[in-house]
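As a plain string of letters, each chain reads:
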Amino acid sequence: MGIKHHSIQGAQSLDLSMQRPDCIHAISGRGKGGRLWVPAGWISLTLVLEGSLELSSGELPWMLATRQMQLWTDGSVRHSCREQGWWLCIAAPAVLWQKPPKSTASIINCLIPRELACDSELARAVVHLCRPRWFRHGNESQDPAYKLGLLRDALIERQQPLHRQLERCSGRTVLRRHQTLLRLLRVQHLIRCTIDNRLDLISLAAVANYSPTHLIRIYRDVFGETPSEYAVRLRNKRALDMVCTTELSVCEIAESLGFESESAFCRAFKHAFGCTTTAARRGQQVQLSALATPSLMRPSNSRPAPAAMEWAVAS
């Protein structure tokens, strides 16, 4: 197994389905307009060094920001650089992410598609594969499979929280529990990508191939909250970020978040964070309980917190 290096400059495109499937592909993209397509059955890890990168699977696009990584195992994925940027991607058929090669299913069960913040160790591992000449004193005797294995092991180590959630999934076998978690993560991913559209529960359940009632129950068992409560928590965070870090008027923020009026938004904001939007902009400390990740020990029959209910009703 070797490494094939690719460079995407400007508006160039690369389709990995037309490339050799028996080697690791290391892609460096720079400029505006570049495109990359990674086919189904491959695993890819993308790191954005500068700017942002649009990724899409099917018809659903999302943005990957600077110093963010996207691990993807769930079907094909497209990369589109719509602004000036610099990004790296490591991609290969799933079976090549193992040393020695084993069944494809076993590695897919270890690596879970997820966006994650990039630390220096992960960044170095990706850059080492994409730009080996930058490491003059590196151990060049290490074969590509070994380097890819180190990257894989580092990713698995950082996914331990997800593995704990995997244990909470229903299913008699690891494979069944993994399939359940992937379905729930698709729902979670869809909520993040369509937070402005506020998809209804029936649409979310269809993505996971569950009934709405079953989705609520199993999602709460694994993540400690319902899909609606997760969406509310994301909107809470976005509202606070927009109030405290942008110069948009409160009216503009309320409109962008889908509130019927500025007053409805202000009431919901104060109920969630314990202060007015004006006070928050002046630097007054806000209550962050509305942003807290729920405890997985919460009983499955518990009701949403009042702050979450306020957002749901007001919005």
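Position labels on residues start from 1 in each chain and follow its written sequence. This being a predicted model, a pLDDT of at least 70 is required before a residue's local features are given, and a value of 80 or more before pairs of side-chain atoms are given or counted; all residues contribute to the totals for chains, interfaces and linings. Hydrogens and water molecules were not included; the side-chain quantities draw on all heavy atoms of the structure.

Asker: Explain helix 2 (residues 120-130) to me, using residue names and the numbers behind them.
Answerer: All buried positions along helix 2 are accounted for by Leu122, Ala123, Val126, Val127, His128, Leu129 and Cys130. Structurally, the start of helix 2 carries an N-cap: the backbone nitrogen of Glu121 is 3.1 Å from a side-chain oxygen of Asp119. For every residue, the accessible area obtained with a 1.4 Å probe (protein chains only) is divided by the maximum for its type, and the residue is called buried under 20%, exposed over 50%, and partly exposed between those limits. A run of DSSP states H or I qualifies as a helix once it reaches four residues; a run of E qualifies as a strand once it reaches two. Both are numbered from the N-terminal end. In the analysis that follows, any N or O atom pair within 3.5 Å is treated as a polar contact, provided that within protein one partner can donate a hydrogen and the other can accept it, and provided that, for residues neighboring in sequence, both atoms belong to side chains.

Asker: A description of the sheet that holds strand 2 (residues 13-15) should follow, citing residues and the corresponding values.
Answerer: Ordered in space as 2-4-9-6-7, the five strands form an open sheet in which the pairing is mixed. On the outer flanks of this sheet lie strand 2 and strand 7 (60-64), each paired with one strand and no other. This sheet shows a mean twist of 15 degrees between the axes of neighbouring strands, independent of strand direction. Strand pairing requires that DSSP identify at least two bridges connecting the strands. The angle between two axes is taken between their N-to-C directions and runs from 0 to 180 degrees, where each axis is a line fitted to C-alpha atoms and a helix contributes only its stretch in contact.

Asker: Kindly report on helix 6 (residues 201-208), identifying the contributing residues and their values.
Answerer: If you check which residues of helix 6 are buried, you get Leu204, Ala205 and Ala208. In a view along the axis of helix 6, the buried residues occupy a sector of 100 degrees, so they form one face of it. Exposed side chains of helix 6 directed beyond 90 degrees from the buried face belong to Ile202 and Ala206. The opening residue of helix 6, the one whose side-chain oxygen lies 3.0 Å from the backbone nitrogen of Ile202, is Asp200. Positive backbone phi, approximately 60 degrees, marks Asn209, located one or two places after helix 6. What the arc describes is the spread of directions from the helix axis to the C-beta atoms.

Asker: Mind laying out the pairing of strand 5 (residues 42-50), listing which residues take part and the relevant values?
Answerer: Counted residue by residue, strand 5 has seven buried out of nine residues, so it is predominantly covered. Two strands pair when backbone bridges link them, and strand 5 and strand 10 (residues 85-93) are joined in this way by eight bridges, in the antiparallel orientation. In the sheet register, Ile43 faces strand 10, and the bridge partner there is Ala92. Bridge count for strand 5 against strand 8 (residues 68-72) is four bridges, and the pairing is antiparallel. Its bridge partner lying in strand 8, Leu45 is registered against Leu71.

Asker: Report on the nonpolar core, specifying residues and quantitative values.
Answerer: The criterion is simple. A nonpolar core is a set of buried Ala, Val, Leu, Ile, Met, Phe, Trp, Tyr and Cys residues joined through side-chain atoms within 4.5 Å. In terms of nonpolar packing, the biggest core is built from 28 residues, with Leu45, Met69, Ile90, Trp97, Val126, Leu151 and Leu155 touching the most fellow members. The dominant element in this core, judged by the number of residues it contributes, is helix 2, at six residues. Counting residues in hydrophobic clusters, the runner-up holds 24 residues, among them Cys169, Leu185, Val187 and Leu190.

Asker: Would you mind going over the pattern of salt bridges in detail, with residue names and values included?
Answerer: Note on definitions: salt bridges are taken to be side-chain nitrogens of Lys or Arg within 4 Å of carboxyl oxygens of Asp or Glu. Going through the model one piece at a time under the given rule, you end up with nine salt bridges. Between Arg233 and Glu225 there is a salt bridge whose closest N-O contact spans 2.6 Å. On the basis of relative accessibility, which here comes to 5%, the residue Glu225 falls in the buried class. Through salt bridges with shared partners, a single ionic network connects Asp119, Glu121 and Arg158.

Asker: How would you sum up the sheet that holds strand 10? Please name residues and give values.
Answerer: What the six strands build is an open sheet, ordered 1-3-10-5-8-11; its pairing is mixed. Each of the sheet's edge strands pairs with one partner strand only, and the pair in question is strand 1 (3-9) and strand 11 (114-117). Within this sheet the neighbouring strands show an average axis-to-axis angle of 15 degrees, counted without direction. Pairing analysis gives four bridges linking strand 8 to strand 11, with the strands arranged antiparallel. Within the sheet, the bridge partner assigned to Met69 lies in strand 11 and is Leu116. Sheet contacts for helix 2: strand 1, strand 3 (24-31), strand 5, strand 8, strand 10 and strand 11; angle to strand 10, the most-contacted strand, approximately 75 degrees. Pairs of residues are marked as contacts when any of their non-hydrogen atoms sit within 4.5 Å.

Asker: Just give me the short version of the packing of helix 8 (residues 227-245) against helix 10 (residues 262-273), but keep the residues and values in it.
Answerer: Orientation of helix 8 relative to helix 10, taken along the N-to-C sense of each, is 105 degrees, at an axis distance of 11 Å. Taken as axis vectors, helix 8 and helix 10 run roughly perpendicular relative to one another. Two secondary-structure elements touch here, helix 8 through Asn236, Ala239, Leu240 and Val243 and helix 10 through Phe265, Phe269, Ala272 and Phe273. Classification used: nonpolar for Ala, Val, Leu, Ile, Met, Phe, Trp, Tyr, Cys and Pro, charged for Asp, Glu, Lys and Arg, polar for all others including Gly. Grouping the constituent residues of the contact of helix 8 with helix 10 by class yields seven nonpolar, one polar and no charged. Oblique is the label for every angle not falling under 35 degrees (roughly parallel), over 145 degrees (roughly antiparallel), or within 65 to 115 degrees (roughly perpendicular).

Asker: Any chance you could break down the packing of aromatic side chains for me, citing the residues and the numbers?
Answerer: Pairing of aromatic rings covers Phe, Tyr and Trp, the last through its six-membered ring, and needs centres within 6.5 Å; plane angles under 30 degrees mean stacked, over 60 mean edge-to-face, and all others mean tilted. A full pass over the atoms with the stated rule returns five aromatic pairs. Between Phe265 and Phe269, the aromatic rings sit 6.0 Å apart at their centres with planes inclined by 45 degrees, giving tilted as the arrangement. Of this pair, Phe265 and Phe269 are both found in helix 10, four residues apart, which corresponds to roughly one turn of the helix. Classification of Phe265 by relative accessible area gives buried; the value is 0%. Looking at Phe269, the relative accessible area reads 0%, which means it is buried. On the numbers, 4.8 Å between centres and 45 degrees between planes, the contact of Phe269 with Phe273 is tilted. Residue Phe269 and its partner Phe273 are located together in helix 10, separated by four residues, close to a single helical turn. Here the two residues Phe269 and Phe273 agree in accessibility, since each one is buried. The rings of Phe259, Phe265, Phe269 and Phe273 are connected pair by pair, giving a single aromatic cluster.

Asker: With reference to specific residues and values, describe the layout of surface pockets.
Answerer: Grid points spaced at 1 Å and placed over the protein atoms alone form the basis of the search, with a cavity being a set where a 1.4 Å probe fits but cannot get out and a pocket an open set showing protein on both sides within 12 Å along at least five of seven lines. Lining residues have an atom within 4 Å of a point. Grid points are joined across faces, edges and corners, and a volume is the space filled by probe spheres set on the points. Each pocket or cavity is described by its volume, and for the largest pocket that value is around 1,000 Å³. The wall of the largest pocket is formed by 28 residues, among which Arg114, Gln188, Arg192, Tyr230 and Leu234 lie closest to the centre. When contributions to the lining of the largest pocket are tallied by element, the ones reaching two or more residues are strand 7, strand 11, helix 4 (160-167), helix 5 (174-193) and helix 8. A total of six residues in the lining of the largest pocket trace back to one element, the largest contributor, which is helix 8.

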